[in-house]
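Structural overview for review
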Amino acid sequence: MVIAMSEMIVITCEELCPDQFTNLVRRDTNGAVVTFLGTTRDTFEGRRVIRLEYEAYEEMAYRKLEEIRQQLKAEFGVEDVAIGHRIGVVDIGEISLVVAVASPHRSEAFNACHEAVNRLKHSVPIWKKEFYEGGEHWVACEDHMFQERTESSPEPLAAPADND
Amino acid sequence: MVIAMSEMIVITCEELCPDQFTNLVRRDTNGAVVTFLGTTRDTFEGRRVIRLEYEAYEEMAYRKLEEIRQQLKAEFGVEDVAIGHRIGVVDIGEISLVVAVASPHRSEAFNACHEAVNRLKHSVPIWKKEFYEGGEHWVACEDHMFQERTESSPEPLAAPADND
Amino acid sequence: MELSVRFFALYRERAGCSVASVAVPEGATVAELVASVRALYPRLAPPDVQIVVAVNEEYADPETSLHANDEICLIPPVSGGD
Amino acid sequence: MELSVRFFALYRERAGCSVASVAVPEGATVAELVASVRALYPRLAPPDVQIVVAVNEEYADPETSLHANDEICLIPPVSGGD
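For clarity, every value in this text was computed on a predicted model and none was experimentally measured. (Residues numbered from 1 in each chain as written. Chains lettered and ligands numbered in written order. Predicted model: local features only at pLDDT ≥ 70, side-chain atom pairs only at ≥ 80, totals over all residues. Heavy atoms only, no water.)

**A short note on the overall build of chain A**
Within chain A, the regular secondary structure consists of three helices and nine strands. Ordered by position from N to C terminus, the α and β elements of chain A give β-α-β-β-β-α-β-β-β-α-β-β. Across the 164 residues that make up chain A, the buried fraction comes to 59%. For chain A, contacts bridging at least 24 residues in sequence account for 69% of all contacts bridging at least 6. For chain A, the exposed area adds up to about 6400 Å²; of that, 47% sits on carbon and sulfur atoms. (Helix = DSSP H or I, 4+ residues; strand = E, 2+ residues; numbered from the N terminus. Buried < 20%, exposed > 50% of the residue type's maximum accessible area, 1.4 Å probe, protein only. Contact = heavy atoms within 4.5 Å. Areas by Shrake-Rupley, 256 points an atom, 1.4 Å probe, with all protein chains shown as cover.)

Below, the structure written as C-alpha cells:
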C-alpha cells in the first residue's frame, strides 16, 4: 500500500527504490544529482538491532516534507527535491529514507540534500522504534526526555554519551 | 567494453547504472549512503551543448581514483567508496560520473562524497570535450590556459566570468 | 467542548489508545488541553517534559486557542538519528 | 636515449598523433624533455603555459630525471567542472 500523495513526496509501507527518486529529479539542465539513503544499521548505541519500525502522523508528515522540499528549492536554488520515507517494519540493511536533489552544480546539490535530511529528522512527525535483543525502544522519545523508565527500557551494552 | 580493473573503481564506455555503485558500498553496519551523479547538462557557459566526449589516460586515471578512494576511507573514516566514470560519447542527460560513499553516520558520507568529486576533478587524468552548436572545445584546456585560439574556438552566447 | 486527541508512537503506547475524547471549556488553550490529557493519562510523560501538540497539522504554541473540530495530535520527540 | 611520449586530449589533437618518439640525452629531466617536445610540436601550447608531465602514472616535477622505458605522458589541464 502506497500512502503517497504527490509524485515528489512518498510515504510508503513498501520497499523504497532509490532509482525512482533519482530519476524523478533528473533534468537535462542539471549537472549534479545527490541521493541520500538512510538504511537500518545492525547496531545503535552499542545494542544489536534486530529491526526498526517507523510510525508516522502521515498527513502532517506529508505536509512537513513538502514544506522542506519547497524551502530547499527556494534557499539553495536547486532544481528539484524528491523524498521517500518508508514506514512500518524495516529490516536490517533496508532503506528507510531516500532524498534526491538535482541542481545545475554539485555544491548546492550536496548542501541541500544534507540539509534536507537534517530538517527532516527534526520536524517531520515520524517516529522510529528499535527492536533489539531483549527489548524495544522508541528512539529519541526515551533517550533523555523521560526519567521514568518502562519495564522494557534498554540497558545499553556500551555507555553512549547521550544516553541518560 | 568495460575497462574496469577493480570492483570498486570502474572506467567504462557503457552507460553507468547508479544502483550498481550504491549497492557495492552498502553494508548492514552503515546507516547512510550518499551517491553523486554527474550528468551532461544541455548548456555550458552560455552555449547549447549537443554532447560530451570524455577521454582518459586510463591506467593513471584508475590509479588516481583508487588513491582518492583510499584517502577518503582514511581521512573521513567512511566504510567504503565506489567510483564509476564513463568515457567516450555521453549524450545530454546521461551520467558521466557516479560516486557512492557509505558510512555509519550521514555527515561523513556527505563530506567524503563531495570531497571525492572535488579531488577527482582536480587530479584524475580524464578530459572532457564539449560539442556545441557550431564548434567543439576541450573543457579547462582552452578556457584560460591558451591565449592561442584554434579555428573552432568557441564564441560564448553569454560572457562567463572565467572564460578568457 | 469535546475534542478528539490523537496519540502517536510512545504516547499511543502509554495512553493505551490511538485517540481519546477530552472535554475542555470553549476556547481552551493547548496548555489547558495538555493538562486535561495528563490528568486522564498520568503515565504519558513526566511532569517536567513538555508535550508538543500539533493543531491542524501544524506545531502549536501552548497559548493557541482551540476550536471544535480542530485536528489535535500529541507529538512525541521526533526520531533524530545520524 | 629515445623516449616514447604519449599525448592526450588537446595535446593529442595539436600534436596530430597519440605517441611520439623523442630523443634526449641520457638522464635528461622532465623540463628538458618538454623543451624537446615543444621544439618538435610548436603548436602544442603557448610558451607561458607549463606542460604537466606524468612519469610512470604519477605527476612528475620538472627536475625529475628520466630513464629509458619510462612511461611518459603529457597531461593537459584536467576538466574541472562544477
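**Points about the overall build of chain C**
The helix and strand tally for chain C stands at two helices and five strands. The secondary structure elements of chain C, listed N-terminal to C-terminal, are β-α-β-α-β-β-β. A globule of 82 residues ought to have a C-alpha radius of gyration of about 12 Å, and chain C, at 12 Å, matches this closely. Structurally, chain C occupies a C-alpha span of about 40 × 25 × 25 Å along its principal axes. Burial status across chain C gives 49% buried among its 82 residues. Sequence-distant contacts, at least 24 apart, represent 48% of the contacts inside chain C between residues at least 6 apart. Charge centroids of chain C, computed over 5 positive and 12 negative side chains, lie 13 Å from each other. (Rg over C-alpha atoms; globule rule 2.2 N^0.38 Å. Lys, Arg positive; Asp, Glu negative; His and termini not counted. Charge placed at Lys NZ, Arg CZ, Asp CG, Glu CD.)

**Concerning the nonpolar core**
By size, the foremost hydrophobic cluster in this structure holds 66 residues, and its most contacted members are F36(A), V99(A), F36(B) and V99(B). Once you skip the residues sitting within four places of it in the chain, F36(B) turns out to touch A32(A), V33(A), V34(A), R106(A), F110(A), L97(B), V98(B), V99(B), C113(B) and V117(B). Counting 26 residues, the second-largest nonpolar core is a separate cluster that includes M8(A), L24(A), L37(B) and I95(B). (Core = buried A, V, L, I, M, F, W, Y, C linked by side-chain atoms within 4.5 Å.)

**Focus on the sheet that holds strand β5 (residues 80-86) of chain B**
Taken in spatial order, the eight strands line up as β1(A)-β5(A)-β7(A)-β2(A)-β2(B)-β7(B)-β5(B)-β1(B) in an open sheet, and their pairing is mixed. Taken across any chain shown, the strands that pair with only one partner, and hence form the sheet edges, are β1 (9-12) of chain A together with β1 (9-12) of chain B. Along the sheet, successive strands turn relative to each other by an average axial angle of 10°, direction set aside. Relative to strand β7 (residues 95-103) of chain B, β5(B) is paired through six bridges, and the arrangement is antiparallel. When the sheet's bridge partners are listed, D80(B) is paired in β7(B) with A102(B). The strands touched by helix α2 (residues 58-76) of chain A are β1 and β5 (80-86) of chain A; relative to β1(A), the strand with the most contacts, the crossing angle is about 150°. The sheet contacts of helix α1 (residues 18-25) of chain B involve β2 (32-39) of chain A together with β1, β2 (32-39), β5 and β7 of chain B, and relative to β7(B) the element is tilted by about 20°. (Pairing = 2+ DSSP bridges. Axes fitted to C-alpha atoms, helices over the stretch in contact; angles between N-to-C directions.)

**Remarks on unusual backbone geometry**
In this structure, N56(C) is a non-glycine residue whose phi angle is positive, near 50°. Mapped onto the fold, N56(C) is located in the loop between β3 (52-55) and β4 (58-60). The phi angle at A9(D) is positive, at roughly 50°, despite the residue not being glycine. On the basis of relative accessibility, which here comes to 0%, the residue A9(D) falls in the buried class.

**Structural notes on the interface of chain B and chain A**
Residue-level contacts link 33 residues of chain B with 33 residues of chain A. Between chain B and chain A, roughly 2800 Å² of surface is buried when both sides are summed, and carbon and sulfur atoms account for 51% of that area. Of all residues in chain B, R41(B), R106(B) and F110(B) bury the most surface against chain A, accounting for 23% of the area lost on that side. On inspection of chain B and its partner chain A, the count reaches zero salt bridges. At the surface where chain B touches chain A, the tally comes to 15 residue pairs in polar contact (both at pLDDT 80 or more). Counting only elements with at least two residues in the side of chain B that touches chain A, the list comes to α1, β2 and α3 (106-123) of chain B. For the side of chain B that touches chain A, a count of residues per class yields 12 nonpolar, 13 polar and eight charged. Where β2(A) meets β2(B), seven bridges bridge the pair, whose relative direction is antiparallel. Residue pairing in the sheet places L37(A) in a bridge with V33(B) of β2(B). (Buried area = accessible area lost by both parts, 1.4 Å probe. Salt bridge = Lys/Arg side-chain N within 4 Å of Asp/Glu carboxyl O. Polar contact = N/O pair within 3.5 Å; in protein donor to acceptor, adjacent residues only side chain to side chain. Nonpolar A, V, L, I, M, F, W, Y, C, P; charged D, E, K, R; others polar.)

**Some points on the interface of chain B and chain D**
Frequently, the measure chosen for interface size is the accessible area that the parts lose on association. The interface of chain B with chain D comprises 30 residues on the first partner and 29 residues on the second. Where chain B abuts chain D, roughly 2500 Å² becomes buried across the two surfaces, and 55% of that area is made up of carbon and sulfur atoms. Counting across the interface, chain B meets chain D through six salt bridges. Of the charged contacts in the structure, one is a salt bridge between R6(D) and E59(B), with a shortest N-O distance of 3.3 Å. There are 12 residue pairs in polar contact (both at pLDDT 80 or more) connecting chain B and chain D. The set of elements that each furnish at least two residues to the side of chain B that touches chain D consists of β4 (47-56), α2 (58-76), α3, β8 (126-132) and β9 (135-138) of chain B. With five residues, α2(B) is the largest single contributor of residues to the side of chain B that touches chain D.

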